[in-house]
Amino acid sequence: MMYIKHTSLTLYHKLIREMEKVVIFARVSSDNGTQDYERQINDLQTLSKAKHWLVEAIFAEKISGAKKNIERTELMNMIKYIKSHNINKVLVTELSRLGRDTLQVLQTIEILNQYKVSVYIQNYGIETLTTKGDINPTSQLLITILAEVARMERKTIRERIASGYQNFRNNGGKVGRKQGYRKSDETMKDEYAEEIRLLKKGYSLRNVAKLTHTSVNTLRKLYDKFC
């Protein structure tokens, strides 16, 4: 009897080890006070049971979709968690749960790809990576479309800024820093507070650049000066 019990426990632990480890990520916008992320969590927990996935952690946030990734505490906590817990997948009910800003979503997926962590998008039933850790061609098509939308959005913004600058110049305005201008250390600390915080936490220059849109050269200067 004791032998059977021991064998059962051994098989149980073996099954647990073989189960894919996942985390659930849920988000609702703070702009809509009636929304709640409990439905997202329940749906993904049900999915995990059906797929025999082991839910290691749940991250949920109620925050404006306009926020940048570095301003989203739970998202940053999730990225930090998966780096040290051998996670296989991140589960979301739909891609927009990762964020409303297309570029921010793409940056998050790219970072997860680097760690060979797949994003499972429930409403499409697809993953961003294959079982071998390669880019999933089906999801790549979706991501490519999103990337093109993001490119068009950035192009439109640049054109508006350029038009505004030109109109400013046409009316006698001058654009650019004053001659001899140089930012003080305190000004740089205030302006790049998030970048410095991430660098001090050990994030790579490349990942911080993707999260903050700050150039690698600037980040290197910040690291040398403040870290």
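In the block above lies the structure referred to throughout.
Parameters at a glance
- Residues numbered from 1 in each chain as written.
- Predicted model: local features only at pLDDT ≥ 70, side-chain atom pairs only at ≥ 80, totals over all residues.
- Heavy atoms only, no water.
- Phe/Tyr/Trp six-rings, centres within 6.5 Å; stacked < 30°, edge-to-face > 60°.
- Helix = DSSP H or I, 4+ residues; strand = E, 2+ residues; numbered from the N terminus.
- Buried < 20%, exposed > 50% of the residue type's maximum accessible area, 1.4 Å probe, protein only.
- Lys NZ or Arg CZ within 6 Å of the ring centre and 35° of its normal.
- Pairing = 2+ DSSP bridges.
- Contact = heavy atoms within 4.5 Å.
- Axes fitted to C-alpha atoms, helices over the stretch in contact; angles between N-to-C directions.
- Salt bridge = Lys/Arg side-chain N within 4 Å of Asp/Glu carboxyl O.
- Core = buried A, V, L, I, M, F, W, Y, C linked by side-chain atoms within 4.5 Å.

Thoughts on the packing of aromatic side chains
A complete count under the given rule lists 2 aromatic pairs for this structure. Measuring from ring centre to ring centre gives 5.3 Å for Trp53 and Tyr120, while their planes differ by 70°; the resulting arrangement is edge-to-face. In this pair, Trp53 is assigned in the loop between α2 (38-51) and β2 (54-62) and Tyr120 in strand β4 (residues 118-121), connecting sequence segments 67 residues apart. Relative accessible area serves as the criterion here: at 10%, Trp53 is assigned to the buried category. Judged by its relative accessible area of 8%, Tyr120 falls in the buried class. Sitting over the ring of Tyr203, Lys83 keeps its end group 4.8 Å from the ring centre.

Examining the sheet that holds β2
The mixed open sheet is built from 5 strands, whose spatial order is β2-β1-β3-β4-β5. One side of each edge strand has no neighbouring strand; the edge strands of this open sheet are β2 and β5 (126-127). Looking at chain direction, strand β1 (residues 21-28) and β2 are connected through 8 bridges and run parallel. Each residue of the ladder has a partner; that of Ile24, found in β2, is Ile58. α2 rests against β1, β2, β3 (89-92) and β4 of the sheet, and its axis sits at about 160° to β1. Against the sheet, helix α3 (residues 73-84) engages β1, β2 and β3, with an angle of about 160° to β2.

A word on the side chain of Gln107
Take Gln107: it is sitting in helix α4 (residues 102-114). On the basis of relative accessibility, which here comes to 8%, the residue Gln107 falls in the buried class. Here Gln107 is in contact with Asn69, Lys210, Leu211 and His213, once residues within four sequence places are set aside.

Looking at the pattern of salt bridges
The full count for this structure, using the stated rule, is 5 salt bridges. One salt bridge connects Lys89 with Glu20, and the closest N-O pair in it is separated by 3.4 Å. Separated by 69 residues along the polypeptide, Lys89 in strand β3 and Glu20 in the loop between α1 (2-18) and β1 bring together distant segments of the chain. We note a salt bridge from Glu127 to Lys89, for which the minimum N-O separation is 2.8 Å. You can see Glu127 sitting in strand β5 and its partner Lys89 sitting in strand β3, a full 38 residues away along the chain. No difference in accessibility class separates Glu127 from Lys89, as the two residues are buried.

Let's talk about the nonpolar core
Core analysis: the largest hydrophobic core is formed by 39 residues, its most contacted members being Val23, Phe25, Met78, Val90, Leu98 and Leu222. By residue number, the principal contributor to this core is α3, which donates 6 residues. Discounting chain neighbours no more than four positions away, the residues touching Leu98 are Phe25, Arg72, Val92, Val105, Thr108, Ile109 and Val119. Counting residues in each nonpolar core, the second largest holds 10 residues, with Ile24, Ala26, Leu44 and Leu91 among its members.

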